[in-house]
Amino acid sequence: MFHAFFDKFSFSHMPPTQFFRFEYEADQCTHCKACVQTCPTSCLQWNEEEKTPYATGLSGIELACIGCNNCEAVCPANCIRMRGEYKVLKGRYKTPEEKSGDMTLPCPFGQSDRNRNFEEIEKDLTQTEKIIYRRRSVRLFKDKPLSKELIHRLIEAARFAPSAGNGQPCKFLVVTNREVNRKIDQKCAKILKLINWLYAGQNRWRKILIAILSAISANKWDQRPIAAMEKIHMTNGSITFDAPAVIHVLKDKRGISHPDVDAAISAHNIILAAHSIGLGTCYIGFIASTVAFVPAVKKILKIKYPYEIVTSICVGYPKLKYNIPVPRAQVPVEWIE
Ligand SMILES: Cc1cc2nc3c(=O)[nH]c(=O)nc-3n(C[C@H](O)[C@H](O)[C@H](O)COP(=O)(O)O)c2cc1C
């Protein structure tokens, strides 16, 4: 019993991990740097002397990669791969055994799809399925404003999302003023900086504090968001990527059953509708997760009881072209027949 308890709370800080494998074919590279620009963490960097991207880590994290494979999706020469498996080997974030196996491209018609290329599979898919598999989180936007009509169109998609008891507990807050977005980013980034300082420190007291915080607040101390925070610091605290619009999805806390679920469903209607009309989006969780510690943000956004941000979405015209769907880890599926 003691062993199980120890295993649960230990290694919340930099657990023993097997990381992805970075593969790169230098002779085909066009040196466009799109892979580095699109990387959401500080993992991919550019070596100016050798004119190559290289994958790197943080202090204590061998490879600061969350395995989103956007580097692969934007590469015009198809010369980058992040392969293998991300597996936490011990402790609170230990990867479940049934998640094992290499990442694969979409196989909607079964395992035989593994031998077909996606363009071929896509011919048999519906429009909705194509959007699902081709959507990527977009973090680089053209400097082109979004019309109010287009944003309205996205919110209409959210309005028609299902909700528990048809309670419709959501509210949407659209910010197209970039100065306001930057101000919010800066305020939330300060909290993230503090978390980074706590996490990356080798000091014994910081480690103990992280272990305690991890015990109190599960799921907040995984090393992957820490890698994304590092990028935020490298880009001067930009959390919302200077997107032309940020839509905050709020829930009425008094909503029926689990209003967070209703809000998430509405948010995803926005995301899929946006991609279907050629816009790019990215969920931003860092605002919802820090806002409680920065009352000034609530004040700027005029958020009052009973509302609370569940998630935020950056929207704009994508700067880069995302050419291919990307592989994903295996998902455990159990059948009771
Ligand atoms: C609830 C939620 C919160 C997220 N928060 C952030 C965020 O704060 N910053 C960011 O760059 N990406 C964020 N993402 C995007 C994920 O990193 C992304 O979905 C994941 O890496 C998979 O990549 P894909 O969306 O391109 O398939 C978030 C995604 C979700 C679902």
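Residues numbered from 1 in each chain as written. Predicted model: local features only at pLDDT ≥ 70, side-chain atom pairs only at ≥ 80, totals over all residues.

Novice: Teacher, can you tell me more about the overall build of the chain here?
Specialist: Helix and strand counts for the chain stand at 12 helices and 10 strands. Its C-alpha atoms give the chain a radius of gyration of 21 Å, near enough to 20 Å, the size a compact globule of 337 residues would have. For the C-alpha atoms alone, the extent of the chain along its principal axes is close to 55 × 55 × 50 Å. Here the chain holds 337 residues, and 32% of them are scored as buried. Within the chain, residue pairs in contact and separated by at least 24 positions form 78% of the contacts whose partners lie at least 6 positions apart. (Helix = DSSP H or I, 4+ residues; strand = E, 2+ residues; numbered from the N terminus. Rg over C-alpha atoms; globule rule 2.2 N^0.38 Å. Buried ≥ 20, exposed ≤ 12 C-beta atoms within 10 Å, placed from the backbone. Contact = placed C-beta atoms within 7 Å.)

Novice: Please explain the site of the ligand as it appears in this structure.
Specialist: By nearness alone, 14 residues border the ligand, and Cys68, Ser137, Tyr283, Gly285 and Phe286 come closest of all. Ranked by the residues each element gives to the shell around the ligand, the list is headed by strand β9 (residues 280-284), at 3 residues. (Near = placed C-beta within 6 Å.)

Novice: What is the right way to look at the sheet that holds strand β8 (residues 245-252) in this model?
Specialist: One key point about sheets: their strands pair by backbone hydrogen bonds, in either a parallel or an antiparallel sense. As summarised here, the arrangement of the 4 strands in space is β7-β8-β10-β9, forming an open sheet in which the pairing is antiparallel. Looking at the sheet topology across the chains shown, the edges are occupied by β7 (170-175) and β9. Between one strand axis and the next, the sheet turns by 25° as a mean value, whatever way the strands run. As paired strands, β9 and strand β10 (residues 307-316) are joined by 5 bridges and run antiparallel to one another. Considered in β10, the bridge of Tyr283 is made with Ile313. (Pairing = 2+ DSSP bridges. Axes fitted to C-alpha atoms, helices over the stretch in contact; angles between N-to-C directions.)

Novice: I keep staring at helix α7 (residues 178-200) and nothing clicks. Help me out?
Specialist: In an α-helix, one turn spans 3.6 residues; hence positions three or four apart end up facing the same way. The terminal C-alpha atoms of α7 lie 31 Å apart, and with 23 residues this matches the ideal 33 Å at 1.5 Å per residue to within 8%. Turning to α7, its buried residues number three or more, namely Asn181, Ile184, Asp185, Lys187, Cys188, Ala189, Leu192 and Tyr199. Tucked inside the fold, the buried residues of α7 contact β7, α8 (204-216), α9 (223-234), β8, α11 (286-290) and α12 (295-301). (Expected span 1.5 Å × (residues − 1).)

Novice: Just checking my understanding: could you explain the environment of Ala26 for this structure?
Specialist: Tracing the chain through its elements places Ala26 in the loop between β2 (21-24) and α2 (34-38). When the C-alpha positions of Ala26 and Cys79 are compared, they lie 7.3 Å apart, and in sequence the two are 53 residues distant.

Novice: Looking at this structure, how should I read the nonpolar core?
Specialist: Generally speaking, nonpolar side chains in soluble globular proteins are found buried as a group. Among the nonpolar cores identified, the biggest contains 68 residues, and Cys65, Ile287, Ile313 and Val315 are the most heavily contacted of them. Look past the residues within four positions of Ile287 in its chain and what remains in contact with it is Ile184, Cys188, Ile239, Ile309 and Ser312. (Core = buried A, V, L, I, M, F, W, Y, C linked by C-beta atoms within 7 Å.)

Novice: Quick question: what am I supposed to make of the environment of Phe141 here?
Specialist: Within the secondary structure, Phe141 is located in the loop between α5 (127-134) and α6 (148-159). The buried category is assigned to Phe141, around which 24 C-beta atoms lie within 10 Å. Separated by 12 residues in sequence, Phe141 and Arg153 place their C-alpha atoms 19 Å apart. Residues contacting Phe141, with those up to four places away along its chain left out, are Phe241, Asp242, Ala243, Pro244, Gly280, Gly316, Tyr317, Pro318 and Lys319.

Novice: Help me understand the pairing of strand β4 (residues 52-55), please; the structure alone is not making it clear to me.
Specialist: Moving residue by residue along a regular strand, the side chains alternate between the two faces of the sheet. The side-chain alternation of β4 yields one buried face, formed by Pro53 and Ala55, and one unburied face, formed by Thr52 and Tyr54. In this sheet, β4 lies alongside strand β3 (residues 44-47) in antiparallel orientation, the contact comprising 4 bridges. Within the sheet, the bridge partner assigned to Gln45 lies in β4 and is Tyr54.

Geometry only, nothing functional implied.
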